[in-house]
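Residue-level listing of the chains:
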Amino acid sequence: MSGFVSTHIPLNAISNHELRRSYKMLCDDLLLPSATTLSNICRREYAWTVDAIKKQLPSQNKFSFGLEGWTST
């Protein structure tokens, strides 16, 4: 997951047979999830991050924040 995010590779690229084959060549027992699974992991991590931030802030104060998961190459 971190490889896709850090290199700006779209998550649906995991469906590409050549890309999957090259990853498998690096590590034969690697389990590659589907694009849907990767997307679900991103959503779950986002929710966990938001919850962790909320727990660190005073509950009686109002605030707003935003997290960006997309960066233009």
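Now for a quick tour of the structure. (Residues numbered from 1 in each chain as written. Predicted model: local features only at pLDDT ≥ 70, side-chain atom pairs only at ≥ 80, totals over all residues. Heavy atoms only, no water.)

1. Observations concerning the overall build of the protein
Part 1 of the argument: A count of helical and extended segments in the protein gives 3 helices and 0 strands.
Part 2 of the argument: Helices (α) and strands (β) of the protein occur, in sequence order from the N terminus, as α-α-α.
Part 3 of the argument: For the protein, the proportion of its 73 residues judged to be buried stands at 11%.
Part 4 of the argument: Carbon together with sulfur atoms contributes 56% to the accessible area of the protein, which is approximately 6200 Å² in total. (Helix = DSSP H or I, 4+ residues; strand = E, 2+ residues; numbered from the N terminus. Buried < 20%, exposed > 50% of the residue type's maximum accessible area, 1.4 Å probe, protein only. Areas by Shrake-Rupley, 256 points an atom, 1.4 Å probe, with all protein chains shown as cover.)

2. Some remarks on the pattern of salt bridges
Part 1 of the argument: Taken as a whole and assessed by the stated rule, the structure comprises 1 salt bridge.
Part 2 of the argument: Salt-bridge contacts for E18 lead to R21; the nearest nitrogen and oxygen are separated by 3.0 Å. With E18 and R21 both in helix α2 (residues 17-26) and 3 residues apart, this pair spans about one turn of that helix. (Salt bridge = Lys/Arg side-chain N within 4 Å of Asp/Glu carboxyl O.)

3. Quick notes on the environment of A35
Part 1 of the argument: For A35, the position within the fold is in helix α3 (residues 35-56).
Part 2 of the argument: When the C-alpha atoms of A35 and N12 are compared, they prove to be 5.0 Å apart, with 23 residues separating the residues in sequence.
Part 3 of the argument: Here A35 is in contact with L11, N12 and I14, once residues within four sequence places are set aside. (Contact = heavy atoms within 4.5 Å.)

4. Points about α3
Part 1 of the argument: With 22 residues, α3 ought to run about 32 Å at 1.5 Å a step, and its terminal C-alpha atoms sit 32 Å apart, in line with that.
Part 2 of the argument: Listing the buried residues of α3 in full gives L38, S39 and V50. Angular distribution of buried residues about the axis of α3 spans 115 degrees; they occupy a single face of the element. Turned more than 90 degrees off the buried face of α3, the exposed positions are K55 and Q56. (Expected span 1.5 Å × (residues − 1). Arc of directions from axis to C-beta.)

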